[in-house]
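Single-letter residue listing:
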Amino acid sequence: MSVTKNVPFVKNQNFLIVAIALGVILNPLNTTMITVALPEIKNEFLLSSKDIAWLIASYFIVSAIFLPLIGKFSDYYGRKKIFLFGLLLVGISSFTAPLSPNMPFLLGMRTIQAIGTSALYPAGIGIVRSCIKKNQNRVIGTLSVFATTSAAFGPTISGLLIQQGGWHVIFYVNFPIIIISAILAALSIPKDEKITNKIFKWDGIGIILFGLLISFWMYFFQTLESGINLWALIGSFALTFLFYFFEKKKEEPFINVIFLKKNPNISSVYIQYIFSTVIFFSLLLSMPIYLQSVLMLSSKQTGIIMLSISVFAIIITPLATRWIEKSGYRIPLLTGVLIGIAGVVLLLTVNHNSPLYWIFIVLSVIGLSNGFLNIGLQTLLYSFVSVSESGTASGLFMTSRFIGNILASSIFGVMFVTGVNDTNQNWITIILIVVSVILLPGILFITKDKSATNTP
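Residues numbered from 1 in each chain as written. Predicted model: local features only at pLDDT ≥ 70, side-chain atom pairs only at ≥ 80, totals over all residues. Heavy atoms only, no water.

## Focus on the overall build of the chain
Helices and strands together make up the secondary structure of the chain, namely 17 helices and zero strands. Relative to its full complement of 456 residues, the chain shows a buried share of 56%. Long-range pairs, those at least 24 residues apart, make up 83% of the contacts in the chain with a sequence separation of at least 6. Working note: accessible area of the chain is about 19,300 Å², and carbon and sulfur atoms make up 69% of it. (Helix = DSSP H or I, 4+ residues; strand = E, 2+ residues; numbered from the N terminus. Buried < 20%, exposed > 50% of the residue type's maximum accessible area, 1.4 Å probe, protein only. Contact = heavy atoms within 4.5 Å. Areas by Shrake-Rupley, 256 points an atom, 1.4 Å probe, with all protein chains shown as cover.)

## What about the layout of surface pockets?
Reported here for the second largest pocket is a volume of approximately 840 Å³. Taken together, 22 residues make up the lining of the second largest pocket; nearest its centre are F210, L213, T240, I274 and I403. Sorting the residues of the lining of the second largest pocket by element identifies α9 (204–222), α10 (230–247), α11 (257–262), α12 (264–293) and α16 (390–415) as the ones contributing at least two each. A per-element tally of the lining of the second largest pocket places α16 first, with six residues. Looking at the lining of the second largest pocket residue by residue, the classes come out as 18 nonpolar, four polar and no charged. (1 Å grid on protein atoms, 1.4 Å probe; cavity = no way out; pocket = protein on both sides within 12 Å on 5 of 7 lines; lining within 4 Å. Points joined across faces, edges and corners; volume = space filled by probe spheres on them. Nonpolar A, V, L, I, M, F, W, Y, C, P; charged D, E, K, R; others polar.)

## A few points about α10
Its 18 residues give α10 an end-to-end C-alpha distance of 26 Å, which sits within 8% of 26 Å, the value for a rise of 1.5 Å per residue. Buried residues of α10: A232, G235, S236, L239, F243 and E247, and no others. Seen end-on, α10 carries its buried residues on one side only, within an arc spanning 100 degrees. In this structure, α10 carries L230 and W231 as exposed residues pointing more than 90 degrees from its buried face. (Expected span 1.5 Å × (residues − 1). Arc of directions from axis to C-beta.)

## Section: the packing of aromatic side chains
Tallying each qualifying case throughout the model produces 10 aromatic pairs. Between W217 and F220, the ring centres sit 5.9 Å apart and the planes meet at 85 degrees, which makes this aromatic pair edge-to-face. Taken together, the residues span about one helical turn, with W217 and F220 both in helix α9 at a distance of three residues. A ring pair is formed by W217 and F237, whose centres lie 5.1 Å apart and whose planes are at 80 degrees; its orientation type is edge-to-face. Of this pair, W217 sits in helix α9 while F237 sits in helix α10, and the two are 20 residues apart along the sequence. (Phe/Tyr/Trp six-rings, centres within 6.5 Å; stacked < 30°, edge-to-face > 60°.)

## Examining the side chain of N30
Here N30 lies in helix α2 (residues 26–45). At a separation of 2.7 Å, a polar atom in the side chain of N30 contacts the main-chain carbonyl oxygen of L26. With near-sequence residues (within four places) excluded, N30 lies in contact with Y59, R110, Q113 and N174. (Polar contact = N/O pair within 3.5 Å; in protein donor to acceptor, adjacent residues only side chain to side chain.)

## Digging into the confidence of the model for the chain
Chain-level statistics for the chain give a pLDDT mean of 81 and a share of 89% at 70 or above. Helix α6 (residues 136–165) is the least confidently modelled element of the chain, averaging 72 in pLDDT, while helix α4 (residues 79–96) averages 93, the highest of any element. Every residue in residues 1–5 is under pLDDT 50, and counting partners more than four places away or in other chains gives two contacts. Note that residues 452–456 has pLDDT below 50 and, in this model, 11 contacts with residues that lie over four places away or in other chains. (pLDDT = per-residue confidence, 0-100.)

## Regarding the environment of G154
Looking at the element boundaries, G154 is found in helix α6. Taking C-alpha positions, G154 is 8.4 Å from T35, a pair spaced 119 residues apart along the chain. Setting aside anything within four residues of it in sequence, one finds G154 in contact with L29, T32 and M33.

## So, helix α8 (residues 174–188)
If you check α8, its first and last C-alpha atoms are 21 Å apart, about what 15 residues at 1.5 Å a residue would give, namely 21 Å. Among all positions of α8, only N174, I177, I178, S181, L184, A185 and S188 are buried. For α8, the angular spread of the buried residues around the axis is 150 degrees, confining them to a single face.

## Thoughts on empty space enclosed by the protein
In this approach the atoms are scanned with a rolling probe the size of a water molecule, which exposes any empty space left behind. Following the criterion strictly, the structure yields three cavities of 30 Å³ or more and no others. If you add up the space inside the second largest cavity, you get close to 60 Å³. Looking at the second largest cavity, the residues that line it are S276, I279, F280, G340, I366, S369, N370 and L373. Breaking the lining of the second largest cavity down by element, the ones donating at least two residues are α12 and α15 (356–382). Sort the elements by how many residues they give to the lining of the second largest cavity and α15 lands first, with four residues. Residues belonging to the lining of the second largest cavity are distributed by class as follows: four nonpolar, four polar and no charged.

So, in structure tokens, the structure goes:
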């Protein structure tokens, strides 16, 4: 078999895919595994509810910052190096986090963990796009499943583990994944090519401004429960405009706002993914507590019902990928949006008297929609960007996911501030219906040139 100059030789393609797939699940898995452990952590360190909220939020914020940053690192300094370094950071944090003597130490270890896991997805996607040409969309689809649906498995896994050994055990579950991924990566991923004509230029002020604007917006949304905080809103807008005008003047900005402005299709993909994530993650946060507090289900029963979202997303993803390859992007993505609208509308029928099988069916419908939208938007993004920009593009894509997570967390906090009940759950559902309807014109816009005659 001949090997072209631009495609590195891969010793074992299957090993490479498994190595990356195992790496990319670490970020979403650790995002949600901690949710079940929060009551124990709160009691052990005598934390307030606001402390707990920021423990979760800090992971989102750090990931949102470092995903695009490390995506650029991987494009400049070598994707294999960055991937293995990310695994090392996750290993260090997973070993030391259970030994935390106080909240600041645990927060620091979670920060290191977020940085490490943020390296794995953009570097992994860059490796796939540079090393694998045959059935590339299907491989990306497989990684997409691992990177998103694994989040829904987090509460189930941690619930079982915590019963055996307390909250500390949720960090140790990372080690088998890290070890296997590292071994396979070292053996199968080709050596990085040296890039001598590129020098990475730091945009320190841009990074700080981005971190501040994300933090301010997070603070504003989390204080909505007590009314609109005018100063937080003004500060959030001021930092957003300051970040935009500063970055547009930079030769090598942290986030290329001019590039996003000149490429509305790419920007629209990110926006649509934010909306899609808001729907998915809002349900991951709200449904478990609703099922346990209102329907009085056990954690085991709740975990089984929540798996409906993941299982049906997994089932539909390879089918959606093949459909996209044959028919283009527009019809599959529109199908995903319409299924999603139907699913969230059906959520209005769920109440404390609902049979469990009906709740399972409704969540399964939303899982199907998530599978369509996730793989469709991700492969659509890569049809707009070059291979050399894969790390940066994928990092921003996952940053969009964490912005969606932040918005979902805010919806959850505001809607349930007066208690977990049918009325507040319905208000969340109404918000999600609005979000799902907003997706429709956006999908029509970004797929206008990706019809059946334009295959990926």
